[in-house]
Structures are given as structure tokens and as C-alpha cells.
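# Coordinate inspection notes
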Amino acid sequence: MSSEIPAAILPSVPSAAATTAARARLLACYRPPSGAYDELLGPGGAVRPHWETLVRELAGHSVAELQRRWETGRRFIRDQGITYNVYGESDGLDRPWRLDPVPFVFAAEEWRELEPALIQRATLLDRVIADCHGAQRLIRSGQLPPALVYAQPDFLRPLHNVKPAGRRHLQFYAADLSRSPDGRWWVVADRTQIPTGSGYALANRLIASRMLPEAFRDLHVQRLAGFYRDTQAALAGLSPRTGGEPRVVMLTPGPYNETYFEQAYLARYLGYTLVEGQDLTVRDDHVFLKTLSGLEPVDVILRRVDDEFCDPLELRNDSMLGVPGLVEAVRRGQVAVVNSLGSGLLQSPAFMAFLPGLCRHVLGEELKLPSVATWWCGQDSAEGYVEEHFDNLILKPAFRAPAGAAPRDRAGWLKQIRWQPHAYVAQEKVPLSYAPCWEDGGFVANPVSVRVYLVACGDSYRIMPGGLARISPEPAGRFVSLQHGGASKDVWVRAEAPVAEVTLLGQGLQPVELRRVGNNLPSRLADNFFWLGRYAERADSTARLLRSALVRFNPESTGSAWPVLAPLLHTLEEHGQLAAEKSDELRQQPEALEAELLAAIFDPTRPGSLRNTADQLRRLAILVRDRTSNDLWRVLTQLDDRLTPPAGAASLLAGDAVAVLNQTLVDIASFHGLTNDNMTRAQGWRFLDMGRRIERSIQTTTFLDSVLSSPAGENLGLLEVVLEVCDCSITYRSRYNVLPQLAAVCDLVLLDDTNPRSLLFQLSQMVEHFDRLPREKLTALPGPGQRILIDCMARLRLADPRELGRAGKTAGNTEIAKVIRLIGAAMPRLSEAIAVSYFAHSSISRTGAEPAPQTEAGP
Amino acid sequence: MNYRITHRTIYEYAEPVAVSHHAARVEPRVTEAQSRTDWRITISPEPAVQVQRPDFFGNRVCFFAIQELHAKLEVTATSVVSVEARSLRAPGLSQPWEQVARRYRDPVAPEAIKPFQFVFGSPLVQPRPEFADYARASFPAGRPLLEGVLDLNRRIHTDFVYDPVATTIATPLGEVWEKRRGVCQDFAHFAIACLRSLGLPASYVSGYLRTRPPEGKPRLVGSDATHAWFSVYCEHHGWVDFDPTNNCQPSDEHITVAYGRDFSDVSPVMGILTGGGSHEVKVAVDVEPL
């Protein structure tokens, strides 16, 4: 990823007057409201010292230069596929990440004060969770109202008295901080279960530090890599297995989760396998990863699945995201799950009302970092206060989402609170502080809050020197939410001296054991690679067929081109690119045909359209994101752009579409080039290539069948189309020097094993793949997939294309035509056989919904 | 009374199951009124992993996992239990219900914490204002708690129709309330919801019921079934059981297996299968008086 952004051009030294003007321009639109804390400007309007360097350096660049850099940064976000999924939007899956290029700067001394306060808070919360899930002394001694535990859906009874790995519930902790008008930091939310966003912080850092490299260096910004190195060490240390390298996996809810990008990004950065629940299985109370070569033990699970969804047996039994038997494996100490199952308990804002007392009781210290003032309505005293101060408070559910919509007005709220007082909290409205954000070449002031991250290391916690600053989408600045469209910022924590580089790779302490194979591929990923190969090839052949059709399409004389067009259209119909119900007569009307062909390219709702295939490719690419290169991703993004019809698509002409198809074919060629050149010949590549070969065999056989069955089988124009679609025109010309003849054309596209587009070549490649797959060698007899393949190979090798020279109009009835149809029909079965042998990740189902107990007759 | 109880559950799967994990709560509890002299569980095919332990509520759970390909699972639990006839409490002697409810408002005394957790909504039973309204007819001001519960128990028995096809295990309580129909489990859930809506602690009890054959007929083996009722916590008396399905207070003909906040805490044999397709289940219960 190091050469993505061109190095910034160093500024020339500007004159003093120019600098002053540039500063004034930068700050011209920066106007935070009075009453809120201003992060940038101190009292009197002077730039606060820790921001000074940044402001000076920004002022030293021309607006054009900064805009150019920002454009580069934005392109980087897009190319890298940095996304955040928003629920309930049609393009919700992968909306580009919104980053503001101006970092949030922390002074070194301020950070030094926050650090111990956050460590204290993490330690306290960890101890409180441990007590709630254990002896519950805090409840019995009256320090904590029992309702906070017992009324919570996040109190997981099956985890009661289960000791977490490393004796710690909070391996990770994040706090949302905001600054009140008096300049003090407050915790507005505790993230105890799945502290999300640290991966985005990492991505933000990559972009912001490249956009402003001089400032990044001169400000002595602390690096993030050390935090992740500690994370790796801490997680490895939790492995219950002694000896051997611990296997850590990251458990994801899947690509529809809002932070899926971050999960894949972090998993790749940390070197962990990204898995879904169905990739794991519990046997003999141990957790295993299902891979192509069998079950492999898993020692540590870094989870991104909510705790109650983690085990359908003992937790929520309608969960499809979990691993049945996981709780028992945890109970037995056979696997470490972080954060512990049940750690979501302390995420309830109700606890904030009790933290000062708990801190004195548990740690014997005063709470160093205050929480936003909170009243838990379950206390009689609080209820009255809330009623009296309603307008200055924000009311929230105390626990995770109770059913029903939030009340609209005061009366509604008070009624709800009176009905279930324990289920609500009230919090003081704290105005957020304002920080500079980038807009139109200068600063504007927006309300921000900062999320900071801690990881448990040894006896204490280590804080990430940085974080995720988020901009409130609401001008009044009362809440921040990425779901609601807020952008984020990198957080720069200054060090007093220049900082040394830290990297996650090559710590040079232990010699690396050399390997030629990577971690074993989960079978679900093999499935995704296989279909990635199939869809890429489908896009290729669809584009070729459509291009050949469009090139020959002539509004003046559809009739004369028809014999050549018909087999192309029939092939397209076979795979759904064209609607089958349209008759040939209708198709011969030029307008109708043109519309059909354009729809086959751009219509996203048509199942086989190029646009739709590109969507499938993108979806699959997301699923294998952590196993493929950024270049591959970029190619697919390009393809995606290409196939988005320009605005006013109604005026799109056949000629324009041909240009789009040409570009599409180049994109797919780059895709194949990248996979062939950059992927090691490991299992992932092998399945991708098998998918591609199967799809190409299907496409070739379908097309040749249409050609041979067409009355124009020997039409010169049609034979040229065959050569064109099968990308063999040049070879044919160099070899035969005569006009195309059916027998010679068929020999080239079917039987020539030196031609990478021939059918025989596809089958030979698959035979080779099969020989290298795990488990194929276990039995003496060939498996079901291999049998199909051997049969097809034998028939194809024995076919003699010369009979076509004599067949004339009956080409469709020749032996070779039958072989083509037979192979065409065998390929989907081969695909199925591969799926059964390798991808069989059968879904889980539940029982226990026994018929309701049925007794009435009583004494 | 002494009983020998056999509880057999048979699952038949349309497709073979590769791995399955189960939790069975089929071991009768030992309570003040109930003792257990023998208990055995037989599982076929033989589980690769099997362990027994108490759950959060003190019920005995048997966890087991089958790791060989199988198309049928059979779980048979047999027990010999002895149940003492419980003398019915004098309902009039309990505290006024409001006084009881007040004990479960913050701050809660340490000794009230245990029943306190049965005051809140649980996965299948959420309090609702209309449930409170229904319940209030049984709880006029100052009425002793158990008198009120006894009346509520009777009203549910009268107002609701026993109908085995009206509901399934997935039917939400709101629907049971609208239809005024259901089975013992629905009635128990509804009674619990009513009491919790008034701020009173109530729990769900699963178990068996002795059935008597019609006069002059022999007892049919295996025709009994699992049963469910509810329990309310009353200071000095502890948990007091009520059976709205039969409009009675359980004595020595109700055998307690487990209790929890609602059915989801005490599901008798639940499992998660990998593979299996659709499945059929047969449950046979035999309560034989000794």
C-alpha cells in the first residue's frame, strides 16, 4: 500500500505577508458558536499552541495544492474500498467512508492527563463486569441497584460464574469523549462489548498522514502501530493451548454488518483469519475452523458478533451468526473469546450514574474522568428530578433497545418512565466542542467527539495514542453517529520529541519458520473464490457476445445481419442476458433489439446483465476482501464505474455501448492478469481458476451449440463471429491463411490444447487442479467431480471435427455437436460436485421448539 | 406420592445430521416438597461429549454433543420422585399486594434480591399496561397477595379457552391475549405477565402432571405430557405454585422439573443441528404412581 499516493510536493518558503493572508483565508469561515469550547482558537482568538504548526503548514500551501491532495485522498478511500454500511438504504452496502482531512490535534500534556484516567476507568469497568457475572457483591452491598443487572437483556445468565480468558472481561475498551464549554473532557459513552472504529482510525491515519506529511512529521505525531503490536501480543497470550503458534480468528457477522470493511481491514492488518460463525465448529468442547483440508484448532476468537448471538444453543437460539457449543467451550477454558461474552452489560448508560461510588468502593480512588451527568430513573429520587428538569435532559432507554418507538413529547416520556422506570436514563445535554473541518479550501467549525481505544496488556491497559474523532451531523452538536451520516477525522496525539517508527512486521526477535503455504483456506472462502472466477468469466463472455452483436447491429438492415445475430442472441438468452419471451420477429425490429442489447449491458435488475454480473463480482470481492490485493479491488471498482450508465442513458447509442464493452473487456483482462500474476498458486487461486474454467466451458459449449444448430452454420460472417467471441481471430489467420471453415474453426476453439481459449484447454486445467486439491487423493477411485471430468475429456479428445466439413445444414446432428451438448450439460454437474465436496458448510437449524406441553385433564 | 416418570423425546431428521449440540432440562428438581431417589438419562446415539451441571436457576442441565452422522436422536429420562402433599396456604394471611410490590422498587433489600429478578420482563414475557389493567380486577387495594393470585388464576381459567391448535411455541403473548386461547404454557406466561405488570415477582415452572384414567379404564402408558404452571414469591411462604390451566394450587400431583423466568429458560430438550433438513419430533411422557 505504500505507493498509492504520490509524495506531496514540498512547499517553497512563502513571504511573511503572504502567510498572514493565507492564515486569514484559512480561518475566514471558521466561526464556532459562542458558549461551546473552541478546540482551535483560545480566548482572544489566537490559535492554541498545539494547533499552531498545523495551521502554519496548511497556510503554507496554495488552496489548489491542498484541494489536489484532498482529491488524491478521496480517490484513495474509493480505491481501497473503505466503506461503512448504512442500514436501510438501497446503496447501503458499502457507502464510501467519510473522512475530514483536518486531523484533531491533542497536546502532549493533555493526553498525559487523559491516559491514566482512561486506564482507571477501563480497570473499574472490568472489575464491575467481573463482579456482576460472579459473586455480585456490589449488588448485595448496595453499591449497585440489582435492576441494572437483572433487568438487562445483556446480563447473560449462562455466562454467570464463567471465568474469562486471562481473567479479564474487557480486553478492549473504548470511550466516547466530548469536551464541555469549561474545557473539561467527559465520557459520554462506554463501549465495552465490541469497541468498533479502531480499524477506521487506522485507515484515517493512512490517508491524513499522507495528505499532510510535513505537518505529520513536524508535529511529532505518535504512531499507532505500537498499539496493534501490543494487541497481537496480548491476544496471543490468551491462547489456552500451550506450545504451537496460537490461532486467532476474527468472528464477523458478515458483509452486511455496518463495519465489515473495518473488520476485514483489521483482520488483514493483524494477520488474523476473518471467519463467519458457519466457518467454525465445536467438537469435543474445542473450537475448530473448517478448512479445505479439514478441521484446524482455534485458540482465540476476537469477536465482532454481539455476545447474545454467539451461541444459538445457550444464548439467543434464533441466531444464525454464532457457533453452537461455543459457551460450553468457553466454560471449559478451551477457547478465549474477547471481549468476554457478557461484557456488553456495562454498555448501559445507567451504570454511569453509579461509577463515582463504585470507583471509591472497588478501587479506593476518586473517579478521574467524569461521565456525563446521568440519572437512572429506577431510583425514586431520580424520577422526580427528571420530571422537573425534563427540558435540559436527554432521555434514553437504559438497556438495549426495548420494543416500540421513542415517545414524542414530555407527557409520553413521563408516562413511559412511570410505567417502567428502571428501563430509562436521563442525561444532561452537554454541548460538544467545535473543531476545524475542511470545506471549500478553508476551515469551518463543526461539533466533534473523540473515541479513544484501550487494550489490556499485562496488569494494566495501554491506550492507543490516537483515535477516531467524529463530527456531529446535527449543527447543535448533541450527538454523533456514523449511521446518521457523520464524517470522521484522524486524531493526532503529539509527542514531545520526534517518534521512532514501529512496524507490525519483522520484529526480528524470533527467526521466522519458512513456509510455502499460507493458513488453510476456510471452505466458505473457497466457495467465494470459485464464484468470483465464474462471474468474472461470465462478464467476459457476455461482453464479447454483446460486442459482436452490437458491432453487427445496423438499424438500416437488421434483416441481412440476422443469420449472424441469431446464434449470438440465442446464447445470450440461454444465460438470461436477454429476455427469453421475446420472439425472433420482435428482435428483428431495430429499436426493440437495440433497447434489448443495451438493457443486457446496463439494466441492474436483469439477472444476467453485465451490470448485474459486475454487482455480483463486487459482492464476492467484498467477501474475499481480506485475501485479495488492493489492485484487484481497484479493477473491480473501475468495472463498476464503467457499467454505470451515464446520466441521460436514454440517449445512449449502440456505438457508445461498444466503447463501454471494449473497456470492460480490458478491465476483466486486468482482473485475470492480476489473479494469474499476483496470487500464489494456493487453494484460493485454484478455486478461482476452476470457477473460471467451468464458466468458460459452459459459455463456449452453449455458443457453439447455437452456431452448429443454426441454419447459417457455414455462413462466413458467423464463423468470423465465432473466432471473435472466442478470441481466436488472429491465431486462425496466422495458421490457415484462408477464409474461415467450420471444421478448422471448431478444431481451434474445441480441441487445440495450445489455445488457452479452447474447450480442451479448460478441461486439462481442471484436471490439473483436481490433482492438487486436498482430499482428492484419499481414495483409490476418482471422486464424483473427477469422474465427470475424465468422461468429458475422453469424449472431447476422441471427437473429430472433420465431419463438420461434410455435414452442411445438419451440423447440429453430428457426433461432435452431441459431444459439445453433453459437455455443456456436464459442467453444471461438475460445479455442483465441487460444491458438495468442498463448500458443504451446511446451515444450522434448531430443535427444542417441542410442541407445547399438552395437559388439561386435571384432578 | 411416589412416581416413576419416563420422558422420551425422539427426533427424526429428513437428512443425516453431522454434528448436533443439545441442552436437556429433564431432571426433576429437588425442592422442599419433592425428593428424587433415582434418575437416569439414556441418549442414542452415544454422545461424544456429555456433562451435567446446574444452570443459573439451579435446574440440572445435561449438555451433550453428537459428532457422528445420525438420522435419529432418542433421549430418555427416567426418574423416581416423591412429592409431599403441600398444605394449601391460607391466602388471607399474606401481605397486602401493594406492600409486596413496594419491596421490589429501588432500593431493594438484600434479602429480596433473589425473587427480585423475576419482576422484570424476560424473552417471552414482557409486561404491558393492558396486562396490568386485566390483573387489577383481582387486586383491589389492600387485598392479600395470595388471595389476589388465586383469583387471577381462576379468572384466567375462566376467560381463556384451552385450545391446542390456537398457538405454537412461537406465538407471542400479545396474540394469546387477543385470542384468549392457548395451552398451559400460554396461560402460565400470561399469568406471569400480569403479575410482573403489577411489579410482583413470578416464575415459570415446567414439570409433569399425574393424569387419572376415566373411571373403570386402565391407565394408558405414555399418554401423559409435560405441563407448565407458574409460581409467585411470597415472603414467609417462599414460592407458591398456581396452575391456571386446571384452576388449582399444585400439591402432590404436580412434579416439578425446572423453573425459570419463562419457557426459554427451561426448554426440555433443545438442540442445534448442522445439517438435518426438516425434522419430526415425538414426545412420550409416562407418570406412573408407585
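Residues numbered from 1 in each chain as written. Chains lettered and ligands numbered in written order. Predicted model: local features only at pLDDT ≥ 70, side-chain atom pairs only at ≥ 80, totals over all residues. Heavy atoms only, no water.

## Quick notes on the packing of helix H26 (residues 759–772) of chain A against helix H27 (residues 784–798) of chain A
Residue and element names in this part refer to chain A. Direction vectors running N to C along H26 and H27 enclose 150°, while the axes themselves pass 10 Å from each other. The angle between H26 and H27 places the two elements in the roughly antiparallel class. As H26 runs across H27, the sense of the crossing is left-handed. In this structure, H26 contributes Leu759, Leu760, Leu763, Ser764, Met766, Val767, Phe770 and Asp771 to the contact, and H27 contributes Gly785, Gln786, Leu789, Cys792, Met793, Leu796 and Arg797. Looking at the contact of H26 with H27, its residues break down into 10 nonpolar, three polar and two charged. (Axes fitted to C-alpha atoms, helices over the stretch in contact; angles between N-to-C directions. Helix = DSSP H or I, 4+ residues; strand = E, 2+ residues; numbered from the N terminus. Parallel < 35°, antiparallel > 145°, perpendicular 65-115°, else oblique. Left-handed = near helix turned anticlockwise from the far one by under 90°. Contact = heavy atoms within 4.5 Å. Nonpolar A, V, L, I, M, F, W, Y, C, P; charged D, E, K, R; others polar.)

## Let's talk about the pairing of strand E18 (residues 460–463) of chain A
Consecutive side chains of a regular strand alternate in pointing toward one face of the sheet and then the other. All names here are of chain A. Bridging between strand E17 (residues 442–457) and E18 involves four bridges; their strand directions are antiparallel. Following the sheet pairing, alanine 456 is matched in E18 by tyrosine 461. Connecting the antiparallel pair E17 and E18 is a turn made up of two residues, with glycine 458 showing a positive phi of about 55°. (Pairing = 2+ DSSP bridges.)

## Structural notes on the confidence of the model for chain A
Should the pLDDT be low somewhere, the predicted coordinates at that spot are not to be read in detail. All names here are of chain A. With 87% of its residues at a pLDDT of 70 or more, chain A has an overall mean of 85. Taken as a whole, residues 1–11 scores under 50 in pLDDT and shows 25 contacts with residues more than four places along the chain or in a different chain. The low-confidence segment residues 849–859 (pLDDT under 50) makes 37 contacts with residues lying over four places distant or belonging to another chain. (pLDDT = per-residue confidence, 0-100.)

## As for the interface of chain B and chain A
Every contact between the two is made by 57 residues of chain B and, on the other side, 50 residues of chain A. Inspection of the chain B/chain A interface yields three salt bridges. Across the salt bridge formed by Arg105(B) and Asp380(A), the nearest N and O atoms sit 3.7 Å from each other. On the surface where chain B and chain A come into contact, there are four residue pairs in polar contact (both at pLDDT 80 or more). Elements with a minimum of two residues in the side of chain B that touches chain A: strand E1 (2–27), strand E3 (49–54), helix H2 (113–116), helix H3 (129–136), helix H6 (184–197), strand E9 (226–234), strand E12 (269–275) and strand E13 (279–289) of chain B. The residue makeup of the side of chain B that touches chain A, split by class, is 33 nonpolar, 18 polar and six charged. (Salt bridge = Lys/Arg side-chain N within 4 Å of Asp/Glu carboxyl O. Polar contact = N/O pair within 3.5 Å; in protein donor to acceptor, adjacent residues only side chain to side chain.)

## Overview of unusual backbone geometry
Residue Asn339(A) is bonded to the preceding Val338(A) through a cis peptide linkage, with omega at -15°. Structurally, Asn339(A) is set in the loop between strand E12 (336–338) and helix H12 (355–363). Omega for the bond connecting Ser44(B) with Pro45(B) falls within 30 degrees of zero, at 0°, which places this linkage in the cis form. Counting through the fold element by element, Pro45(B) comes out in the loop between strand E2 (34–44) and E3. The phi angle at Asp727(A) is positive, at roughly 55°, despite the residue not being glycine. In this model, Arg180(B) sits at a positive phi of 55°, which is unusual for a non-glycine residue. In this fold, Arg180(B) is placed in the loop between helix H5 (173–179) and strand E7 (181–182).

## Concerning the pattern of salt bridges
Here the structure, examined in full by the defined rule, presents 74 salt bridges over all chains. Put simply, Arg735(A) and Asp752(A) hold a salt bridge, and the shortest N to O gap is 2.4 Å. Within this pair, whereas Arg735(A) is found in helix H24 (residues 729–736), its partner Asp752(A) is found in the loop between helix H25 (742–751) and H26, the two being separated by 17 residues in sequence. By relative accessible area, which is 40% here, Arg735(A) ends up partly exposed. Each of Asp285(A), Glu314(A), Glu328(A), Arg331(A), Arg332(A) and Arg53(B) takes part in a single network of salt bridges with overlapping partners. (Buried < 20%, exposed > 50% of the residue type's maximum accessible area, 1.4 Å probe, protein only.)

## Some thoughts on the packing of aromatic side chains
Summed over the entire model, instances satisfying the criterion amount to 41 aromatic pairs over all chains. Between Trp375(A) and Tyr385(A), the ring centres sit 4.4 Å apart and the planes meet at 15°, which makes this aromatic pair stacked. Here Tyr385(A) lies in helix H13 (residues 380–388) and Trp375(A) lies in strand E13 (residues 374–376), a separation of 10 residues in the sequence. Ring centres of Tyr134(B) and Phe190(B) lie 5.2 Å apart, and the angle between their planes is 70°; this geometry places the pair in the edge-to-face category. Note that Tyr134(B) is positioned in helix H3 and Phe190(B) in helix H6, a separation of 56 residues in sequence. Overall, Phe190(B) belongs to the buried group, its relative accessible area being 0%. Feature note: the residues Tyr150(A), Phe155(A), Phe56(B), Phe57(B), Phe118(B), Tyr233(B), Trp239(B) and Tyr259(B) constitute an aromatic cluster, connected by ring pairs. The ring of Tyr461(A) carries the charged tip of Arg168(A) above its face, separated from the ring centre by 5.1 Å. Here the guanidinium or amino end of Arg155(B) rests over the ring plane of Tyr134(B), the centre of that ring lying 4.2 Å away. (Phe/Tyr/Trp six-rings, centres within 6.5 Å; stacked < 30°, edge-to-face > 60°. Lys NZ or Arg CZ within 6 Å of the ring centre and 35° of its normal.)

## Brief notes about the domain arrangement of chain B
Accessible area lost when the parts come together is the quantity often used to give the size of an interface. Residue and element names in this part refer to chain B. Domain parsing of chain B yields domain 1 (2–84 + 267–289) and domain 2 (91–265). If you average the C-alpha positions of domain 1 and of domain 2, the two centres end up 25 Å apart. At the interface, 24 residues of domain 1 touch 27 residues of domain 2. Between domain 1 and domain 2, roughly 2100 Å² of surface is buried when both sides are summed, and carbon and sulfur atoms account for 59% of that area. (Domains from an automatic or database assignment. Buried area = accessible area lost by both parts, 1.4 Å probe.)

## A word on the state of the cysteines
Residues and elements named next belong to chain B. Enumeration over the complete set of coordinates arrives at zero disulfides over all chains. Counting only cysteine sulfurs, cysteine 248 is the nearest neighbor of cysteine 184, a cysteine outside any disulfide, at a range of 12 Å. By relative accessible area, cysteine 184 is classed as buried at 0%. (Disulfide = S-S within 2.5 Å.)

## With respect to the sheet that holds E13(A)
Residues and elements named next belong to chain A. Strand order in this open sheet of three strands is E13-E15-E14, and the pairing throughout is antiparallel. Both edges of this open sheet fall to E13 and strand E14 (393–397), since each of them pairs with a single strand only. Across the sheet, the mean angle from the axis of one strand to that of its neighbour is 25°, orientation sign disregarded. Bridge analysis of E14 against strand E15 (residues 424–428) gives five bridges, and the strand direction is antiparallel. Across the sheet, isoleucine 394 pairs through a bridge with glutamine 427, a residue of E15. With respect to the sheet, H13 is in contact with E13, E14 and E15, its orientation differing from that of E13 by roughly 125°.

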